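# Close look at the chain arrangement
In case you want the letters, here they are:
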Amino acid sequence: MSKVINIFKGLGYAYIFTLIVILIYNALLTFTKLSSDNTGLVLSIITTFGSAFGGFYACKQIKEKGLIYGLIEGLLYIVFLIVLIFLARETFSFEMSMLYSTILTTLAGGIGGIIGVNF
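So, here is what we can say about the structure in this document. Given the structure is predicted, the values throughout are model-derived calculations rather than measurements.

What counts and what doesn't
- Residues numbered from 1 in each chain as written.
- Predicted model: local features only at pLDDT ≥ 70, side-chain atom pairs only at ≥ 80, totals over all residues.
- Heavy atoms only, no water.
- Helix = DSSP H or I, 4+ residues; strand = E, 2+ residues; numbered from the N terminus.
- Rg over C-alpha atoms; globule rule 2.2 N^0.38 Å.
- Buried < 20%, exposed > 50% of the residue type's maximum accessible area, 1.4 Å probe, protein only.
- Core = buried A, V, L, I, M, F, W, Y, C linked by side-chain atoms within 4.5 Å.
- Expected span 1.5 Å × (residues − 1).
- Axes fitted to C-alpha atoms, helices over the stretch in contact; angles between N-to-C directions.
- Parallel < 35°, antiparallel > 145°, perpendicular 65-115°, else oblique.
- Left-handed = near helix turned anticlockwise from the far one by under 90°.
- Contact = heavy atoms within 4.5 Å.
- Nonpolar A, V, L, I, M, F, W, Y, C, P; charged D, E, K, R; others polar.

Before going further, it helps to spend a moment on the overall build of the protein chain. Assigned secondary structure in the protein chain consists of four helices and zero strands. Ordered by position in the sequence, the α and β elements of the protein chain form the string α-α-α-α. Computed over C-alpha atoms, the radius of gyration of the protein chain comes to 15 Å, within 12% of the 14 Å expected from 2.2 N^0.38 for 119 residues, which places it in the range of a compact globule. Here the protein chain holds 119 residues, and 32% of them are scored as buried.

Next up, the structure:
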C-alpha cells in the first residue's frame, strides 16, 4: 500500500513541479521579449522533466524496481494530463503527437525511477 501512496505522492510532486515551471515560463513570455514560437517544444520538455521528477521521487521512496515503478509513474502522469485535456477541450481528437508524448513521458518516468532508486 505504501508503494501506491508513494506513486501518487510522486504524481503530486510532478504536477507541482510542472505547474511551477510553466508559470515561470509564462512569466518569461509575458515580461520579456522571449518569442513564443517554440512553446510546444518547451511544454514538451517541461512535461518530460516533470514526469522524470515524479518517477525519481516515487522510486527514491520505494527503493526497489525503479524502472517498473518509474514507467508506471510516467504513464499515469501523461494519462491524467490527457484526461485533463479531454475535459478542457470542447472537441477532442487523439493526435499522433499525444502518442509521442505518451511514449516520451513514460520513458522519462522510467529513467527518473532508475535514477531515484539508485540515488
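A few words now on the nonpolar core. Among the nonpolar cores identified, the biggest contains seven residues, and these are L11, A14, Y77, I78, L81, I82 and M98. At the level of elements, helix 1 (2-31) and helix 3 (66-88) are the ones that each hand at least two residues to this core.

Here we take up helix 1. Taking 1.5 Å as the rise per residue, helix 1 with 30 residues should run 44 Å; its terminal C-alpha atoms sit 43 Å apart, in good agreement. For helix 1, the set of buried residues is N6, I7, G10, L11, A14, T18 and Y25.

This part takes up the packing of helix 1 against helix 3. The angle between the axes and the distance between the axes are what describe a pair of packed helices. Their axes nearest at 10 Å, the elements helix 1 and helix 3 cross at an angle of 55 degrees. With respect to helix 3, the element helix 1 is oriented oblique. Both helix 1 and helix 3 take part in a crossing whose hand is right-handed. Listed contacts from helix 3 to K3, I7, F8, G10, L11, A14, Y15 and T18 of helix 1 are Y69, I72, E73, L76, Y77, F80 and L81. A breakdown of the residues in the contact of helix 1 with helix 3 according to their chemical character gives 11 nonpolar, two polar and two charged.

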